[in-house]
Amino acid sequence: MPEGMNDQQQTAMGRAIFNKRCASCHGTDGNGTGTSSGPALDQAQFKYGRTPEAIKESIVKGRPNGMPAFGSALQEIEIDTLVGFVQSLHKQ
Ligand code: HEC
């Protein structure tokens, strides 16, 4: 988690970035109902893994079947915030 932010602030910031940059494909809050082809991100299992490292790699480098690379479009702090937000989407 980025320094100096509590959980609620991180979730709010993550949601704002996600719904602006990612929801068109992945749906609002990653529910999989976006207009494009992105998979739901509230699943227990991810194709490329749900560890922070794996999620970060998906965002930074993109993935072959239509996930764009955001490594140069987003700042490190935004990416780290998104990683935490994506991890929080799966409710037990
Ligand atoms: C243009 C549509 C599009 C946008 C915008 C997009 N994604 Fe994706 N994303 C995809 C697709 C399609 C896949 C599946 C890629 C594959 O299977 O190889 C994917 C895969 C992923 C995965 C891996 C899921 C898994 O099962 O391992 C993560 C994590 C992810 N996206 C997060 C994000 C985040 C965070 C953003 C915003 C910064 C974002 N995506 C923006 C289309 C998109």
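Residues numbered from 1 in each chain as written. Predicted model: local features only at pLDDT ≥ 70, side-chain atom pairs only at ≥ 80, totals over all residues. Heavy atoms only, no water.

A. Main features of the coordination of the iron atom of the ligand. Here the iron atom of the ligand is held by His26 (NE2) and Met67 (SD), and the distances to it run 2.0 to 2.1 Å. For the iron atom of the ligand, the 6 donor atoms are set out with angles of 87 to 179 degrees between them, so the coordination reads as octahedral. Separated by 41 residues along the polypeptide, histidine 26 in helix H2 (residues 23–26) and methionine 67 in the loop between helix H3 (52–61) and helix H4 (76–88) bring together distant segments of the chain. Here methionine 67 falls in the partly exposed class, since its relative accessible area comes to 23%. (Donors = N, O, S within 2.8 Å, 3.2 Å for Na, K, Ca; no water. Tetrahedral: all angles 85-135°; square planar, octahedral: opposite > 155°, others 65-115°. Helix = DSSP H or I, 4+ residues; strand = E, 2+ residues; numbered from the N terminus. Buried < 20%, exposed > 50% of the residue type's maximum accessible area, 1.4 Å probe, protein only.)

B. Representation of the packing of aromatic side chains. One pass over the full model with this rule turns up 1 aromatic pair. On the numbers, 5.6 Å between centres and 50 degrees between planes, the contact of phenylalanine 18 with phenylalanine 85 is tilted. Taken together, the residues phenylalanine 18 in helix H1 (residues 7–21) and phenylalanine 85 in helix H4 connect sequence positions 67 residues apart. Classification of phenylalanine 18 as buried rests on a relative accessible area of 1%. The exposure class of phenylalanine 85 is buried, given its relative accessible area of 2%. A cation over an aromatic ring shows up here: arginine 50 above the ring of phenylalanine 46, its NZ or CZ 5.3 Å from the ring centre. (Phe/Tyr/Trp six-rings, centres within 6.5 Å; stacked < 30°, edge-to-face > 60°. Lys NZ or Arg CZ within 6 Å of the ring centre and 35° of its normal.)

C. Inspection of the confidence of the model for the protein chain at higher detail. Counting all residues, the mean pLDDT for the protein chain is 92, and 96% of those residues have values of 70 or more. Confidence scores differ between elements of the protein chain, with H1 showing the lowest mean pLDDT of 93 and H3 the highest of 98. (pLDDT = per-residue confidence, 0-100.)

D. Representation of the pattern of salt bridges in the model. Applying the stated rule across the entire model yields 4 salt bridges. Between arginine 63 and glutamate 57 there is a salt bridge whose closest N-O contact spans 3.9 Å. A residue is classified by how much of its surface remains accessible, and arginine 63, at 18% relative accessible area, is buried. On the basis of relative accessibility, which here comes to 36%, the residue glutamate 57 falls in the partly exposed class. Salt bridges sharing common partners tie together Lys56, Glu76 and Asp80. (Salt bridge = Lys/Arg side-chain N within 4 Å of Asp/Glu carboxyl O.)

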